[in-house]
Amino acid sequence: MGSEDTKNIQEMKTDLNLLLECLKYQMDNPFSQKEALVTIYSVCQQNSNAGVYFREIGGLMFVKNLAKSSEHSMVKEAALYTLGTVAEKDVYCQQTLCTSELFEDLIGFLSNNDSNTSLKRMSVYVILVLVSNNRTGQTLVRETGCIKVLTQLFRAVLSKYELNLSDKNIFQSYQLWSSVCSTLCVCVNNPQNDENQMLCSSLFPDANDWLISCMKPEIIRPICSFIGLTLANNTYVQKYFMSMGGLDVLSQVLVQLESDSHKTLSSAKLAVVVAKTVDACIADNPTFGEILSKYHIVSKLLALLLHESLDSGEKFSIILTLGHCTEDCEENQYDLFKNNGLPLMIQALTESQNEELNKAATFVLYNCKKITEKLSLREYPFDENEAEQAEDINMKEKTIEEYWKKAKEILHRIEQLESEGNEEKIQREKYKDNVSSVKINIQNALKHPHTDSIGGSSHAEDKDESQSRKLQSYKSHGLMPKSCTNEDQIKTLFKSANPINACYRESGQNKTLCKNSSNCNQNLHEETFEQKDFVSQSSDHVFKHPNPIVKNRKQQLPVTDPFTLCSDIINKEVINFLSADNCSKKVKYRCSGCIAVGISLNSRNFSKLLHSCPYQCDRHRVIVEAEDRYKSELRKSLICNKKILLTPQRRKQHSNEPTTTGGISK
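Calculation rules
- Residues numbered from 1 in each chain as written.
- Predicted model: local features only at pLDDT ≥ 70, side-chain atom pairs only at ≥ 80, totals over all residues.
- Heavy atoms only, no water.
- pLDDT = per-residue confidence, 0-100.
- Contact = heavy atoms within 4.5 Å.
- Core = buried A, V, L, I, M, F, W, Y, C linked by side-chain atoms within 4.5 Å.
- Buried < 20%, exposed > 50% of the residue type's maximum accessible area, 1.4 Å probe, protein only.
- Salt bridge = Lys/Arg side-chain N within 4 Å of Asp/Glu carboxyl O.
- Helix = DSSP H or I, 4+ residues; strand = E, 2+ residues; numbered from the N terminus.
- Expected span 1.5 Å × (residues − 1).

A. View of the confidence of the model for the chain. Across the chain, the average pLDDT comes to 75, with 65% of residues at or above 70. Across residues 379-384, where pLDDT falls below 50, the model places nine contacts with residues more than four positions away in sequence or in other chains. Here residues 641-646 scores under 50 on pLDDT; set against residues more than four positions off or in separate chains, the count is 17 contacts.

This is the structure we're talking about:
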């Protein structure tokens, strides 16, 4: 296997040397140069070490100079595409190309009116590769003025009022505009760059115009991605976006998409994207939720939550947005209560097994705890319009009572599950007592092998009496609390021990005893196996974090006041949520890209890290989708009808392989 790898590496080096010579001696033949560049791209894609060797022999700098000096557009496009693919595959090539000189050359290509759309797209692609996961590239794109050129393209490359994607020229312009959006997203948030966020915030008015004038998925998705990443973790930019009326525009778009979601599935999916952007706007500024109350966003989100086509991830995004809307806004809290949002949150808690979704629903219930108490005491101030609508609300109380009945049923179901857990614990304790009694008998038998049964029983009775005397002496001296003096409470203290650890210890002791007593060996093994089976069977029916048991639960069931019932449910869920957070570790399912920021990474292994992560955050998912979409489009447009046969050794191999297509048309 090692000899084959060495042979392949040697052939790769021979191919690259010949291709570089071909580029140098075919300066008057642009078609041959284009074919050589496409073949270099193909070789570098097949071998991860090819880019490093191509840089070592000076091929990378030669292609860079060729892109600048060539008079033929097809050669420029092929050279830029080759530079981008090689830099994307190797971080050392990215660092070599990340210079102010190359950024200035790319600015020249983008600013030149004679440059065609394809050449501009290749230039934008190279910028994206150089800036991706590279703070030095983010600094250079700002200092050289390249980011200003990108903002100009964002404004001017595509018309807001003539978006006919069926037209070939308009579609090419749209592809360039979409690539510019993706590159701007990388400039501000991979990693986060506050200065670039400030520069890109100047595009908010244009983004608002796009959202108002064109309600198409091809426009809304990239615009929402750009707004969300530019706003992320930057309160100043969030306030500026709100002052420009951006939150109002997003609210109007969300209302329109929610009304259209009853007709088309795509509108529901698109409404979730807008809801995520709204959440990014108000996550660090909960007071902005008052703006959303004017458009009744909470009721729209609740209606969207009932859409059957949404998956658990999309529902989580909606519930999280509801949590931030109701965090510091009583109007939104009352709107949630009035539109039967509390039963929906309770239903989400009981039916969903997604831990993140349950936490988001508990967050919403906790936010609405105060407003629920006010409503139960009739302290919430009603406006005149609400007073006029009091009769309508009274008519709807019957419907609300049905939801409360469902909530009672859910509570009763939870109590049943808790009681089952208690019964299983009691059975475990009984089993532990039986095992411990058997163990004591075995120990006594081993210690006193020649003692008769009468002597052994009298010895055990003496031992029990001594233990009872010790216990009474503890009580009399006040060493034990009063709450633990009775027998039932003492048993409760013993039950607090971990039954699994106890079983493990007992099984270990049983194994030790088995070595000394061959007669008891078989019985102890049977007890151990039964104990393991009991633990495994009971663990399947118990929650990961059991709810705290309330002794006087049955006395609380007859409560019929719906507001008091809701307050109790919220208190229990908040206690469970807080106890689960204290007992459990931090959430394991996090985006690998967010965790890996700060580690010495490069554009190659960071891209692999993001693709292998099943729990990508919204920001890194947008970046990965943008890069994949861009590379896919470039590969589709790259056409190579001929293949340069390089060496006699690989002539037969290349003749049998299908013709490789590139990303640049002739």
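B. View of the nonpolar core. In this structure, Trp177 and Met345 are the most contacted members of the largest nonpolar core, which totals 135 residues. Setting aside its immediate chain neighbours within four residues, Trp177 contacts Leu153, Phe154, Val157, Leu158, Trp210, Glu218, Ile219, Pro222 and Ile223. Ranked by size, the runner-up nonpolar core spans five residues in total, among them Cys591, Phe606, Leu610 and Cys617.

C. Up close: the pattern of salt bridges. Summed over all chains, the structure comprises 10 salt bridges. When the shortest N-O distance is used, the salt bridge between Glu88 and Lys631 registers 3.1 Å. In this pair, Glu88 is assigned in helix H5 (residues 73-89) and Lys631 in helix H35 (residues 618-637), connecting sequence segments 543 residues apart. Residue classification places Glu88 among the buried residues on the basis of a relative accessible area of 17%. One network of salt bridges, with partners in common, ties together Lys276, Asp618 and Arg621.

D. Quick look at the side chain of Asp248. Among the secondary structure elements, Asp248 is positioned in helix H16 (residues 246-260). A relative accessible area of 18% places Asp248 in the buried class. In this structure, Asp248 is in contact with Ile291, Lys294 and Tyr295, ignoring residues within four places of it in sequence.

E. Inspection of helix H17 (residues 265-282) at higher detail. Across its 18 residues, H17 extends 26 Å between first and last C-alpha, which sits within 8% of the 26 Å expected from 1.5 Å per residue. In terms of burial, H17 is a largely internal element, 13 of the 18 residues being buried.

F. View of unusual backbone geometry. Along the chain, Asn190 connects to Pro191 via a cis peptide bond; the corresponding omega equals 0 degrees. Structurally, the position occupied by Pro191 is in the loop between helix H11 (168-189) and helix H12 (194-200). At Asn133, a residue that is not glycine, the phi angle is positive and equals roughly 55 degrees. As for its position among the elements, Asn133 is in the loop between helix H8 (117-131) and helix H9 (135-143).

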